[in-house]
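# Inside the fold
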Amino acid sequence: MTLNYIATPAYRLVEEFKEDPDKIYSYIESIYQRIRLVEERILAYITLRSIDEVFKDIDRVVENYKKSKKRSYRLFGIAIAVKDNISTKGIRTTCASKILENYVPPYDATVIERLKYEGAIVIGKTNMDEFAMGSTTENSAFFPTRNPWDTTRVPGGSSGGSAAALAAGEATLALGSDTGGSIRCPAAFTATYGLKPTYGLVSRYGLVAYASSLDQIGPMARNTIDLAMLLTVIAGHDPRDSTSLRIAGIDYVKELKYLVGTRPKLRLGILKELVEVSEEPIQKVFMNVVDRLCTEHTCNYISIPYPKQILAAYYIVAMAEASSNLARYDGVRYGIKSDVNNRNWVDVYTEIRTKGFGYEVKKRVALGAYILSAGYRDMYYLKALRIRRMLKEYFNKVFNEYDLVLSPTMPVLPPRLGEMLEDPLKMYFMDINTVIANLIGAPAISIPIGFVQGLPVGLQAMSKPLNESILLYFSYIVEELQGIHDMVAPV
Ligand code: GLN
């Protein structure tokens, strides 16, 4: 069997490679060929490893595989692109920021250790909005990534490089991080699948913090089974992350197969306000899918309380946490350096941060400090926390009645490059549908459901915490229904 390696799902490749590990080399060769062909126009990677280095990794993985076949090697030989805010030992990790431009971590994030254990090959680090602050990948200090479906448009963000790498066929799987939608937004804009796990399901050890109470690492892929496979590998308790949940590892692929076999009926809630805020062509594609789903599953409209306050609450919490997390970038231990001889501390600190941070990051650090300052804390921060708690309580009730709640992932189509930079509030507004899951700690997925004038549209499903299996089952149903999977954009 000859494989078109570029678009083949990871779960098929792994089977092939286990029979004949030598095939991994030609697979990697074709991924690199593809990268050489399209990367110039996409700019998905900040750091791409050399193929020789990658081949050396494969030598090691194959040798270990032959020695200990007892291990599962769930991702044997699979090329994975990793967002550049996840620590990779010996591979530069910049967060798309000048302040970390030359930072090479001395350790692997837990998720990277797990990938390696299962035989995956990290081929490069992907572009993002600086410190994951943004929804277009234009806030990168280096360059903006292009949407493979239309290179005059953004791929979404902040995990835009990971999504673009998948959609352009420059990797088979990818990791992103999601604080307020950063996995789901680019997934929706590139016709890929992305899942933001329950808070605490995936270890944050080695993830560069943006807003610690909202951040989660999650899987990105071109089909549901691959997504389940990658989640299986990265999820599970980690003593090095104090917020990691104490639960045993789950085989999501197995659970998915069981659910697909038994086909339980689902109770679906349609989030009325979030449909209404979406652009009309998006509403159309979305409602079309919903109508078809509702012939088999139960559907009802539901309302969300305080739709206007949710986004404000998110940005207040995110900025407050960011200002405290980013205080550590002082140029002393890592990142850019300055001449410290005979200078006072404040001058050095100011110089490093003025040079090292981009505009959006500075703005958020300043606003975050303001939000937390005496006198304003009660007015903004504590109020936001109250909204967060009320939202959680509301959705606890919703999830007693509904298995999943649905909305479009993004209320808009992928914007043109530069369009959102002119109007930051418009950019923040794009996150209205995605931030809820992070505020309440629930898992959410984005599933590709169609195209409007050649531009991808995504559907978001959210469930109660730790119900990832149901989300994946639902994703599989929609994947069957719409037939959008394993797509590589004709760049
Ligand atoms: N766009 C949102 C923000 O800028 C979400 C980013 C993210 O999820 N990392 O905060």
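Refer to the structure above for everything that follows.
So, here is what we can say about the structure in this document.

In this section: the overall build of the protein chain. Each helix and strand in the protein chain was counted, giving 17 helices and 11 strands. Over its C-alpha trace the protein chain gives a radius of gyration of 21 Å, about what one expects of a compact globule, namely 23 Å for 491 residues. Seen through its C-alpha atoms, the protein chain measures out along the principal axes to roughly 65 × 55 × 45 Å. Within the span of the protein chain, comprising 491 residues, buried residues form 62% of the whole. At a minimum sequence separation of 6, the contacts of the protein chain that also span at least 24 residues come to 76%. As displayed, the protein chain has an accessible area near 18800 Å², and 53% of this comes from carbon and sulfur atoms.

On to the sheet that holds strand β1 (residues 45-48), then. On the basis of which strands lie adjacent, the open sheet formed by 11 strands has the order β1-β3-β2-β4-β6-β5-β10-β11-β9-β7-β8 and mixed pairing. Of all the strands in the sheet, the pair left with one neighbour each is β1 and β8 (298-302). On average, each strand axis in the sheet is tilted by 30° relative to the strand beside it, whichever way the strands run. Across 3 bridges, strand β7 (residues 267-271) lies against strand β9 (residues 404-408) in parallel orientation.

A few words now on the packing of aromatic side chains. A full pass over the atoms with the stated rule returns 20 aromatic pairs. When the centroid spacing of 5.6 Å and the interplanar angle of 70° are considered together, the rings of Y73 and F76 count as edge-to-face. An identical accessibility class is assigned to Y73 and F76; each is buried. A connected cluster of aromatic rings, assembled from ring pairs, spans Y5, F17 and Y27. For R71, the ring lying beneath its charged end belongs to Y117, and the centroid distance is 3.9 Å.

Where nonpolar side chains cluster on the molecular surface, the patch consists of L367, Y370, Y376 and M379 and spans about 340 Å² of accessible area. As for its placement among the helices and strands, M379 is situated in helix α14 (residues 377-401).

So, on to unusual backbone geometry. Geometrically, the link from G157 to S158 is a cis peptide bond, its omega value of 10° lying close to zero. In the Ramachandran plot, L43 falls in the positive-phi region, its phi being about 60° despite a non-glycine side chain. Looking at the secondary structure, you find L43 in the loop between α2 (23-42) and β1. With a phi angle near 60°, A191 is a residue other than glycine that sits in the positive phi range. Mapping A191 onto the fold places it in the loop between α6 (184-190) and β5 (193-196).

Turning our attention to the site of the ligand. Surveying the vicinity of the ligand reveals 15 residues, the closest of which are T179, G180, S182, Y210 and Y314. Contact distances for the ligand include 2.8 Å between a nitrogen atom and a side-chain N or O atom of S135. For the ligand, a nitrogen atom lies 2.6 Å from a polar atom in the side chain of S182. Contact with the protein chains covers 100% of the free accessible surface of the ligand, which is 300 Å². Looking at side-chain class alone, the shell around the ligand contains 5 nonpolar, 7 polar and 3 charged residues.

Counted according to the given criterion, the structure contains 23 salt bridges. A salt bridge links R49 to E53, with the nearest nitrogen and oxygen atoms 3.2 Å apart. Assessed through its relative accessible area of 40%, E53 is described here as partly exposed. Salt-bridge contacts for R60 lead to D57; the nearest nitrogen and oxygen are separated by 3.6 Å. One end of the pair, R60, and the other, D57, are both in helix α3 (residues 51-67), 3 residues apart, so they sit about a helical turn from each other. A network of salt bridges, in which partner residues are shared, links R49, E53, D57 and R60.

Tracing the sequence through the fold places K66 in helix α3. Along the primary structure K66 and L245 are separated by 179 residues, whereas in three dimensions their C-alpha atoms are 34 Å apart.

Every buried residue belonging to helix α4 (residues 110-117) is among T110, V111, I112, R114 and L115, and all of these are buried. The secondary structure elements touched by the buried residues of α4 are β2 (79-83), β3 (121-126), β4 (173-178), β6 (216-221) and α7 (224-234). Two residues or fewer past α4, G119 is found with a positive phi of approximately 90°.

A grouping of E15, E19, D20 and D22 is seen on the molecular surface, where their side chains present a negatively charged patch. Mapped onto the secondary structure, E19 falls in helix α1 (residues 10-19). Note on E19: relative accessible area 72%, which makes it exposed.

Applying the stated criterion across every chain, the model contains 1 disulfide. Paired through a disulfide, C294 and C299 show a sulfur-sulfur distance of 2.0 Å. Disulfide C294-C299: torsion about the S-S bond near -95°, hence left-handed. Judged by relative accessible area, C299 falls into the partly exposed class, the value being 23%. Between C95, a cysteine without a disulfide, and C185, which holds the nearest cysteine sulfur, the sulfur-to-sulfur distance is 18 Å. Using a relative accessible area of 0% as the deciding quantity, one classes C95 as buried. Judged by its relative accessible area of 0%, C185 falls in the buried class.

Rules of the game
Residues numbered from 1 in each chain as written. Predicted model: local features only at pLDDT ≥ 70, side-chain atom pairs only at ≥ 80, totals over all residues. Heavy atoms only, no water. Helix = DSSP H or I, 4+ residues; strand = E, 2+ residues; numbered from the N terminus. Rg over C-alpha atoms; globule rule 2.2 N^0.38 Å. Buried < 20%, exposed > 50% of the residue type's maximum accessible area, 1.4 Å probe, protein only. Contact = heavy atoms within 4.5 Å. Areas by Shrake-Rupley, 256 points an atom, 1.4 Å probe, with all protein chains shown as cover. Pairing = 2+ DSSP bridges. Axes fitted to C-alpha atoms, helices over the stretch in contact; angles between N-to-C directions. Phe/Tyr/Trp six-rings, centres within 6.5 Å; stacked < 30°, edge-to-face > 60°. Lys NZ or Arg CZ within 6 Å of the ring centre and 35° of its normal. Patch = residues over 30% accessible without salt bridge, like charges linked within 9 Å, V, L, I, M, F, W, Y side chains within 5 Å. Salt bridge = Lys/Arg side-chain N within 4 Å of Asp/Glu carboxyl O. Near = heavy atom within 4 Å. Polar contact = N/O pair within 3.5 Å; in protein donor to acceptor, adjacent residues only side chain to side chain. Nonpolar A, V, L, I, M, F, W, Y, C, P; charged D, E, K, R; others polar. Lys, Arg positive; Asp, Glu negative; His and termini not counted. Charge placed at Lys NZ, Arg CZ, Asp CG, Glu CD. Disulfide = S-S within 2.5 Å.

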